[in-house]
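# Observations on the model geometry
As a plain string of letters, each chain reads:
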Amino acid sequence: MEYEDIQSNRRELLERALGEQLNALLSASHALNVTTSARFDSSLQPAAFHIVRWLYAYGPTSAATLAESTAMDRSSISRLIKQLETLGYVKKEVAPEDRRGIVISLTETGQQKIIRALEEKGSVFFERIATWSDAELNDFMQMLRHFNGFTHTTS
């Protein structure tokens, strides 16, 4: 077997192993999101929790922006917002800029519950990296940044 063939096969095995690890990461992340969603409010679908997380991260917005940003259709967004509003997690207000549109934002209750849920989720994450050295953590972060298409590195 020629050197190039050996290298090609080795690369293929490495890429397959990487794919398996990425799949494991995505699966574990999804499972953690579902668990965190249930801790937030077990009566909600994970999609509703996704809306709450989005509002927490990016702030008040319109239903159209939520639909576009979360890759959900407008009818689903509308139904989930109504459910979240009934439970007291979000509120609708007239848009201050034009007084015609509606802006959706988290209530104080929604903010407090999302913070607690994300703290619990974060504790699982931090347990996994607790024994890593600063150098290992930095290397992992830099590789993820590169993988995610961010070319600027910081040390």
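Attention in this report is confined to the structure presented alongside it. (Residues numbered from 1 in each chain as written. Predicted model: local features only at pLDDT ≥ 70, side-chain atom pairs only at ≥ 80, totals over all residues. Heavy atoms only, no water.)

The helix and strand tally for the protein stands at six helices and two strands. The N-to-C order of helical and strand elements in the protein reads α-α-α-α-β-β-α-α. Its C-alpha radius of gyration of 21 Å places the protein more than 25% over the 15 Å reference for a compact globule of 155 residues. The principal-axis extents of the C-alpha atoms in the protein amount to approximately 70 × 30 × 30 Å. When burial is assessed residue by residue, the protein has 25% of its 155 residues classed as buried. Counting only contacts in the protein whose residues sit at least 6 apart along the sequence, the fraction spanning at least 24 positions is 43%. (Helix = DSSP H or I, 4+ residues; strand = E, 2+ residues; numbered from the N terminus. Rg over C-alpha atoms; globule rule 2.2 N^0.38 Å. Buried < 20%, exposed > 50% of the residue type's maximum accessible area, 1.4 Å probe, protein only. Contact = heavy atoms within 4.5 Å.)

One water molecule sets the probe size; rolling that probe over the atoms shows where empty space is left. The space that makes up the largest pocket amounts to roughly 720 Å³. Elements supplying a minimum of two residues to the lining of the largest pocket: helix H1 (3–40), helix H5 (108–129) and helix H6 (134–147). When residues in the lining of the largest pocket are grouped by element, the largest group, eight residues, is from H1. Of the residues belonging to the lining of the largest pocket, the class tally is 16 nonpolar, three polar and two charged. (1 Å grid on protein atoms, 1.4 Å probe; cavity = no way out; pocket = protein on both sides within 12 Å on 5 of 7 lines; lining within 4 Å. Points joined across faces, edges and corners; volume = space filled by probe spheres on them. Nonpolar A, V, L, I, M, F, W, Y, C, P; charged D, E, K, R; others polar.)

Attention now goes to the packing of helix H2 (residues 46–58) against H5. Viewed as axis vectors pointing N to C, H2 and H5 meet at an angle of 100°, and their least axial separation amounts to 10 Å. The orientation of H2 with respect to H5, classified from their angle, is roughly perpendicular. Two secondary-structure elements touch here, H2 through Phe49, Val52, Arg53 and Tyr56 and H5 through Gln111, Ile114, Ile115, Ala117, Leu118 and Lys121. Classifying every residue of the contact of H2 with H5 gives seven nonpolar, one polar and two charged. (Axes fitted to C-alpha atoms, helices over the stretch in contact; angles between N-to-C directions. Parallel < 35°, antiparallel > 145°, perpendicular 65-115°, else oblique.)

What follows is about the pairing of strand E2 (residues 102–106). With four of five residues buried, E2 is to be regarded as a mostly interior element. Looking at chain direction, strand E1 (residues 90–94) and E2 are connected through five bridges and run antiparallel. Bridge pairing in E2 places Lys92 opposite Ile104. (Pairing = 2+ DSSP bridges.)

On to the packing of H2 against helix H3 (residues 63–70), then. Between H2 and H3, the shortest axis-to-axis distance is 11 Å and the interhelical angle comes to 105°. If you check the angle between H2 and H3, you find them roughly perpendicular. In this structure, H2 contributes His50, Ile51, Trp54 and Leu55 to the contact, and H3 contributes Thr65, Leu66, Ser69 and Thr70. Taken together, the residues that form the contact of H2 with H3 break down as four nonpolar, four polar and no charged.

It is worth spelling out the packing of aromatic side chains at this point. When we look at a pair of aromatic rings, we describe it by the centre distance and by the angle of the planes. Taken as a whole and judged by the stated rule, the model has five aromatic pairs. Consider the rings of Phe40 and Tyr89, whose centres lie 4.9 Å apart with planes at 55°: the pair is tilted. A residue pair is termed long-range when its members are at least 10 positions apart, and Phe40 in helix H1 and Tyr89 in the loop between helix H4 (74–86) and E1 qualify at 49 residues. By the ring-pair criterion, three or more aromatic residues cluster together here, those being Phe40, Phe49 and Tyr89. (Phe/Tyr/Trp six-rings, centres within 6.5 Å; stacked < 30°, edge-to-face > 60°.)

Under the counting rule described, the total for this entry stands at four salt bridges. A salt bridge links Arg11 to Glu15; the nearest nitrogen and oxygen atoms lie 2.8 Å apart. Linking Arg11 with Glu15, this pair stays in helix H1, spanning four residues, or about one helical turn. Here Glu15 falls in the partly exposed class, since its relative accessible area comes to 45%. (Salt bridge = Lys/Arg side-chain N within 4 Å of Asp/Glu carboxyl O.)

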